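The residues making up each chain are set out below.
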Amino acid sequence: MRMELKQGSFLWYLYLDKIYCLLSLRNVKALVEYFHILDAHRKDTLNDVLFYHFLHHVTNLKSRQIKIVFDMLDWMCVGEIGFDQFYVLVCILLSHQNHLEEQFMYRHSRPVFDLLDVDGELNIDASNFYMYRFLFSIKKQELRELFRDFDITGDRRLNYKEFKLYTIFSTDKSGDKQKTVQEEEEKQKEKETEKEKEKEKEKVKEKEEEKEKLMSMFMKKKLQTNVSQKNVLEKLRFRSGEHD
């Protein structure tokens, strides 16, 4: 099941820059106020309970997934997260909602790498990446290909350079995919335009045929009228000659 924001929630109305995958200053200010509203204990943090209710309210994530996300953000294991982690999470959610996951990982490769490096060993193993893949819309097959193609050292882990290389490749691939989609959409639009033109031609043709048909009927009727008038005149002349 794809992670989605619930329509009508607060995050639904925030705008994420498509190039840098960051919020505008105005949106950040609004998010700060929202964070303070969620912070029921006035500690400038959210504990696991408050965090759960927040994510449950704005997303369709399951309880297990929410706990996984909280543990990822609470990398110091203090049982709560601050605004910085909250901000990163919101940007991840919005990038996911806007299909900008690859762009987000590329623009913020270091913070993302640090989040996925749960053990703090300066590398990411497949199990950690698999656990959090739903945040970045990475499929199982894509994950296998990722470690097959970018695990240059062959230790079945990704260091930061290998991960950064993956984000660059993934962004380029995503750009090519978007370009292909745009080209297909343009072709489809051209086809639809051609169909519309053909329909217009058919309409014009039908109107011309209808016009010719009406004109033909009019001329035929006029001819019949003329013949009828001529017959009447001839009869009148004939009768006039009889009287003479």
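The structure presented is a predicted model; accordingly, all values stated were derived computationally and were not measured. (Residues numbered from 1 in each chain as written. Predicted model: local features only at pLDDT ≥ 70, side-chain atom pairs only at ≥ 80, totals over all residues. Heavy atoms only, no water.)

### A word on the overall build of the protein chain
- Across its full length, the protein chain holds 9 helices and 4 strands.
- Long-range contacts, defined as pairs at least 24 residues apart, comprise 60% of the intrachain contacts of the protein chain with a sequence gap of at least 6.
- Within the structure as shown, the protein chain displays about 17,100 Å² of accessible surface, and the carbon and sulfur contribution to it stands at 54%. (Helix = DSSP H or I, 4+ residues; strand = E, 2+ residues; numbered from the N terminus. Contact = heavy atoms within 4.5 Å. Areas by Shrake-Rupley, 256 points an atom, 1.4 Å probe, with all protein chains shown as cover.)

### Digging into the packing of aromatic side chains
- The tally for this structure, following the rule as stated, stands at 17 aromatic pairs.
- Relative to F83, the ring of F35 lies with its centre 5.6 Å away and its plane at 75 degrees, an arrangement referred to as edge-to-face. Here F83 lies in helix α4 (residues 83–97) and F35 lies in helix α1 (residues 25–38), a separation of 48 residues in the sequence.
- Residue F83 is classed as partly exposed on the basis of its relative accessible area, which comes to 22%.
- Each ring, one from F51 and one from F70, has its centre 5.3 Å from the other, and the planes form 55 degrees; the classification is tilted. In this pair, F51 sits in helix α2 (residues 48–58) while F70 sits in helix α3 (residues 63–73), placing the two residues 19 residues apart along the sequence. (Phe/Tyr/Trp six-rings, centres within 6.5 Å; stacked < 30°, edge-to-face > 60°. Buried < 20%, exposed > 50% of the residue type's maximum accessible area, 1.4 Å probe, protein only.)

### A few points about a negative patch on the surface
- A cluster of acidic residues, E190, E194, E198, E202, E206, E208, E209, E210 and E212, forms a negative patch at the surface.
- The topology assignment puts E194 in helix α9 (residues 160–243). (Patch = residues over 30% accessible without salt bridge, like charges linked within 9 Å, V, L, I, M, F, W, Y side chains within 5 Å. Salt bridge = Lys/Arg side-chain N within 4 Å of Asp/Glu carboxyl O. Lys, Arg positive; Asp, Glu negative; His and termini not counted. Charge placed at Lys NZ, Arg CZ, Asp CG, Glu CD.)

### Regarding the pattern of salt bridges
- According to the stated counting rule, one finds 6 salt bridges in the structure shown.
- E121 is paired through a salt bridge with R157; the nearest N and O atoms lie 3.5 Å apart. Here E121 is found in the loop between α6 (109–116) and β3 (124–125), whereas its partner R157 is found in strand β4 (residues 157–158), with 36 residues between them in sequence.
- For E121, a relative accessible area of 43% puts it in the partly exposed group.
- Its relative accessible area of 27% is what places R157 among the partly exposed residues.
- D125 is the salt-bridge partner of R157, the closest N and O atoms lying 4.0 Å from each other. With R157 in strand β4 and D125 in strand β3, the pair connects residues that are 32 residues apart, well separated along the chain.
- Judged by its relative accessible area of 14%, D125 falls in the buried class.

### Concerning the nonpolar core
- L55, F86 and F129 are the most contacted members of the largest nonpolar core, which totals 54 residues.
- A total of 8 residues in this core trace back to one element, the largest contributor, which is α4.
- Among all residues touching F86, those that are not within four sequence positions of it are L31, Y34, F35, L38, L46, F54 and I81. (Core = buried A, V, L, I, M, F, W, Y, C linked by side-chain atoms within 4.5 Å.)

### Notes on α6
- For α6, every residue scored as buried is listed here: S109, V112, F113, L115 and L116. Looking straight down α6, one finds that the buried residues subtend no more than 160 degrees of arc, so they occupy a single side. (Arc of directions from axis to C-beta.)

### Concerning the confidence of the model for the protein chain
- The pLDDT averaged across the protein chain works out to 85; a share of 84% of its residues lies at or above 70.
- Element-level mean pLDDT values for the protein chain span from 72 in α9 up to 97 in strand β1 (residues 46–47). (pLDDT = per-residue confidence, 0-100.)

### Re a positive patch on the surface
- On the surface, a cluster of positive charge is contributed by K187, K191, K195, K199, K203 and K207.
- Locating K191 in the fold gives a position in helix α9.

### Considerations on a nonpolar patch on the surface
- Taken together, the side chains of I19, Y20 and L22 present a nonpolar region at the surface, about 290 Å² in accessible area.
- For I19, the location among the structural elements is in the segment before α1.
- Take I19: its relative accessible area is 47%, and that puts it in the partly exposed class.

### Here we look at the state of the cysteines
- Per the counting criterion, the structure on display carries 0 disulfides.
- Unpaired in terms of disulfides, C21 finds its nearest cysteine sulfur in C91, a separation of 8.1 Å.
- Residue class for C21 comes out buried when judged on its relative accessible area of 0%. (Disulfide = S-S within 2.5 Å.)

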